[in-house]
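Here is how the chains run, residue by residue.
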Number of protein chains: 2
Amino acid sequence: MKALEDLVTLFTRLPGIGRKSALRMTYYLLKADPRFAQSLAEQIAGLQDQIKFCSVCGSYTESDPCPVCSGLDRDRRILCVVEQPQDVITIEASREYRGLYHVLGGLLSPLDGIGPDKLRIASLIQRIRKSRNESVPIQEVVLATNPTVEGDTTALYIRKVLEQEGVAVTRLATGIPVGGDLEYADRLTLARSFRGRMPL
Amino acid sequence: MKALEDLVTLFTRLPGIGRKSALRMTYYLLKADPRFAQSLAEQIAGLQDQIKFCSVCGSYTESDPCPVCSGLDRDRRILCVVEQPQDVITIEASREYRGLYHVLGGLLSPLDGIGPDKLRIASLIQRIRKSRNESVPIQEVVLATNPTVEGDTTALYIRKVLEQEGVAVTRLATGIPVGGDLEYADRLTLARSFRGRMPL
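Residues numbered from 1 in each chain as written. Chains lettered and ligands numbered in written order. Predicted model: local features only at pLDDT ≥ 70, side-chain atom pairs only at ≥ 80, totals over all residues. Heavy atoms only, no water.

### Some remarks on the pattern of salt bridges
All names here are of chain A.
Right, on to step 1. According to the stated counting rule, one finds 20 salt bridges over all chains in the structure shown.
Right, on to step 2. Here arginine 35 and aspartate 33 are joined by a salt bridge, their closest N and O atoms 2.8 Å apart.
Right, on to step 3. Residue classification places aspartate 33 among the partly exposed residues on the basis of a relative accessible area of 33%.
Right, on to step 4. Of the charged contacts in the structure, one is a salt bridge between arginine 77 and aspartate 75, with a shortest N-O distance of 3.0 Å.
Right, on to step 5. Sharing partners across several salt bridges, the network here consists of Arg129, Arg132 and Glu165. (Salt bridge = Lys/Arg side-chain N within 4 Å of Asp/Glu carboxyl O. Buried < 20%, exposed > 50% of the residue type's maximum accessible area, 1.4 Å probe, protein only.)

And the structure:
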């Protein structure tokens, strides 16, 4: 059945979806309320039209500038630098952070030909400089790239670039996750959690 | 972002898709080739229009009767009885079986109010009787319902119903799956694999 096979093939292109999952999803849709299938189809078709990038911070938004950049209740002294737009959504969901964001749009990766010019680093510097003329200048930049080789390299690069900009540069703590187990922590995580130990 | 949240919520209604998977799929669609998102949407919207039930066997098909029922290369002496249309696809994918099918559309479940009249049992008997007037009558009915309480009950019920119909009634073998491990086989599976032991 071509219609069925075609949909299964399309589903398997989504991340984390294998053939078995794709089949289950397709069978479900075959039996589901037709209105559900229609809304799902419409939502998928309209997604890219409705979600744009914020011209200030580079995160996903329905209005430009995004609600965070234009929010009156945000702490404008602190700027969190992340790799991708979805990182903003993840951090916002934690409700732990009330400052601004800046999305790099990737990480430095010389082997893949991704240099500083491919990332939103120039606009980061511009934003910091421009904020000096505003009532509340940016005072701290939190580097929240992942604790991977590329994430660390990018963080170190940005720290260097911001040296002369008169802002504090910090990095998210790495260590054993809450609820984690020493036994299952890898050597690097353990080493970092020792280096980053805090007085109790 | 409503567009994003709405799609995530719709995705989580699909079987086996939790919030994290739904988010990953949505992010992927945000960045994907717009043509991919469009084909996925169209395929989902059109699925139920394109896939119908075969009026003979009750399985999914794009043409009626389905390619199996109308196939000249199928063994019309043997009829495999399954619970759902997708079971036909699963068995066809194994390329182990060349006979015909009959989909029950469910299993007997008195507690849920599903009696024999809710299943395609009457049409099964009719098919068998009608086949006696054809060049190749049905000689064997293989009961391929799952080896669960409901599947077994339904199989026993159909065996009884077919007693006077002059066909052999068989049941798919249950036992330790190929590549499985005795250690991980449950007691019932082990018991059945003893009962069904074969000369080597």
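Let's pick the thread back up.
### Side note on the interface of chain A and chain B
How large an interface is tends to be reported as the accessible area lost when its parts come together.
Right, on to step 1. In this assembly, 42 residues from chain A lie in contact with 42 residues from chain B.
Right, on to step 2. On inspection of chain A and its partner chain B, the count reaches 0 salt bridges.
Right, on to step 3. Remark: the boundary between chain A and chain B carries 18 residue pairs in polar contact (both at pLDDT 80 or more).
Right, on to step 4. Counting only elements with at least two residues in the side of chain A that touches chain B, the list comes to helix 1 (2-12), helix 2 (19-31), helix 3 (34-50), strand 2 (60-61) and helix 4 (85-94) of chain A.
Right, on to step 5. For the side of chain A that touches chain B, the element with the most residues is helix 3 of chain A, which contributes 13 residues.
Right, on to step 6. Each residue belonging to the side of chain A that touches chain B can be placed in one class, and the counts come to 26 nonpolar, 10 polar and 6 charged. (Contact = heavy atoms within 4.5 Å. Polar contact = N/O pair within 3.5 Å; in protein donor to acceptor, adjacent residues only side chain to side chain. Helix = DSSP H or I, 4+ residues; strand = E, 2+ residues; numbered from the N terminus. Nonpolar A, V, L, I, M, F, W, Y, C, P; charged D, E, K, R; others polar.)

### A short note on the relation of the copies chain A and chain B
Right, on to step 1. When chain A is fitted to chain B, the residual RMSD is 0.1 Å, and the transformation amounts to a turn of 180 degrees plus an axial shift of 0.1 Å. This pairing of chains is accounted for by a two-fold axis. Using C-alpha coordinates, one finds that chain A approaches the rotation axis most closely at A:Ala41, a distance of 2.0 Å.
Right, on to step 2. The overlap is high: 100% of the interface residues of chain A also sit at the interface in chain B, so the same surface is used on both sides. (Least-squares fit on C-alpha atoms with pLDDT ≥ 70 in both.)

### Here's the deal with the packing of helix 3 of chain A against helix 1 (residues 2-12) of chain B
Right, on to step 1. Two elements in contact, helix 3 of chain A and helix 1 of chain B, have axes separated by 9 Å at closest approach and are oriented at 145 degrees. Crossing geometry of helix 3 of chain A relative to helix 1 of chain B is assigned as left-handed. The residues of helix 1 of chain B that touch helix 3 of chain A, namely those facing A:Phe36, A:Ser39, A:Leu40, A:Gln43, A:Ile44, A:Leu47 and A:Gln50, are B:Ala3, B:Leu4, B:Asp6, B:Leu7, B:Leu10 and B:Phe11. (Axes fitted to C-alpha atoms, helices over the stretch in contact; angles between N-to-C directions. Left-handed = near helix turned anticlockwise from the far one by under 90°.)

### Some thoughts on the domain arrangement of chain A
Right, on to step 1. Here chain A is described as being made up of domain 1 (2-50) and domain 2 (71-171).
Right, on to step 2. Once you take the C-alpha centre of each, domain 1 of chain A and domain 2 of chain A turn out to be 36 Å apart. (Domains from an automatic or database assignment.)

### Quick notes on the sheet that holds strand 4 (residues 100-103) of chain B
Two pairing modes exist for strands in a sheet, parallel and antiparallel, and in both the strands are linked by backbone hydrogen bonds.
Residue and element names in this part refer to chain B.
Right, on to step 1. The parallel open sheet is built from 4 strands, whose spatial order is 4-3-5-6. With one partner strand each, in any of the chains shown, strand 4 and strand 6 (168-171) form the two edges of the open sheet. On average, adjacent strands in this sheet sit at an angle of 25 degrees to one another, irrespective of strand direction.
Right, on to step 2. The strands that helix 4 (residues 85-94) touches are strand 3 (78-82) and strand 4; relative to strand 4, the one it contacts most, it runs at about 155 degrees.
Right, on to step 3. Across the sheet, helix 6 (residues 149-161) touches strand 3, strand 5 (140-143) and strand 6, and the angle it forms with strand 6 is around 170 degrees. (Pairing = 2+ DSSP bridges.)

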